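A structural walkthrough
Chain residues, written in single-letter form:
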Amino acid sequence: APRVLDLGVGSGALLLALLRELGDRAEGTGVDIDEGAVEACRANAARVLGEGGGEGGRVSAVLGDFSELDRDPLRGRLAD
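We now turn to the structure provided with this report. Just so you know, these numbers come straight off a predicted model, no measurement behind them.

**Quick look at the packing of helix α1 (residues 13-22) against helix α2 (residues 35-49)**
- Contact pair α1 / α2: the axes reach a minimum separation of 10 Å and the direction vectors enclose 30 degrees. Overall, the two elements α1 and α2 adopt an arrangement that is roughly parallel. In the crossing of α1 with α2, the sense of the turn from one axis to the other is right-handed. On α2, the residues touching Leu-15, Leu-16, Leu-19 and Arg-20 of α1 are Cys-41, Asn-44, Ala-45, Val-48 and Leu-49.

**A closer look at α1**
- For α1, the complete set of buried residues consists of Leu-15, Leu-16 and Leu-19. Angular distribution of buried residues about the axis of α1 spans 95 degrees; they occupy a single face of the element. Exposed side of α1, more than 90 degrees from the buried face: Leu-14, Arg-20 and Glu-21 are the residues found there.
- Turning to α1, the residues buried within the fold contact β1 (3-7), β2 (27-32), α2 and β3 (59-63).
- Just beyond α1, the residue with positive phi is Gly-23, at close to 105 degrees.

**Quick word on a nonpolar patch on the surface**
- A cluster of nonpolar side chains, contributed by Leu-5, Leu-7 and Phe-66, occupies part of the molecular surface with about 250 Å² of accessible area.
- Its location among the elements puts Phe-66 in the segment after β3.

**Quick word on the pairing of β2**
- Counting buried residues along β2, five of its six residues qualify, which places the element largely inside the surrounding structure.
- Note that β1 and β2 share five bridges and pair parallel. In the sheet register, Asp-6 faces β2, and the bridge partner there is Gly-30.
- Considered for its hand, the β-α-β crossover made up of β1, α1 and β2 is right-handed.

Rules behind the numbers
Residues numbered from 1 in each chain as written. Predicted model: local features only at pLDDT ≥ 70, side-chain atom pairs only at ≥ 80, totals over all residues. Heavy atoms only, no water. Axes fitted to C-alpha atoms, helices over the stretch in contact; angles between N-to-C directions. Helix = DSSP H or I, 4+ residues; strand = E, 2+ residues; numbered from the N terminus. Parallel < 35°, antiparallel > 145°, perpendicular 65-115°, else oblique. Left-handed = near helix turned anticlockwise from the far one by under 90°. Contact = heavy atoms within 4.5 Å. Buried < 20%, exposed > 50% of the residue type's maximum accessible area, 1.4 Å probe, protein only. Arc of directions from axis to C-beta. Patch = residues over 30% accessible without salt bridge, like charges linked within 9 Å, V, L, I, M, F, W, Y side chains within 5 Å. Areas by Shrake-Rupley, 256 points an atom, 1.4 Å probe, with all protein chains shown as cover. Salt bridge = Lys/Arg side-chain N within 4 Å of Asp/Glu carboxyl O. Pairing = 2+ DSSP bridges. Right-handed = clockwise from strand over helix to strand, strands pointing away.

Shown next as structure tokens:
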């Protein structure tokens, strides 16, 4: 299944558009340094993708600083 990594995810609009375009098996991780953006991405994922689309489903929104990925909780996650 395709996997997408969106750095600076914000509201998740681009990530969610890509996942819809790639199909039901696509999964994505969005990273943002702003807690409000991460919460917005999670809420939008649940709204746009429906049940199972939000956190724990096809989208994972992570609070983190992508300029420091070597110390970030994203370490080891992959994207296609």
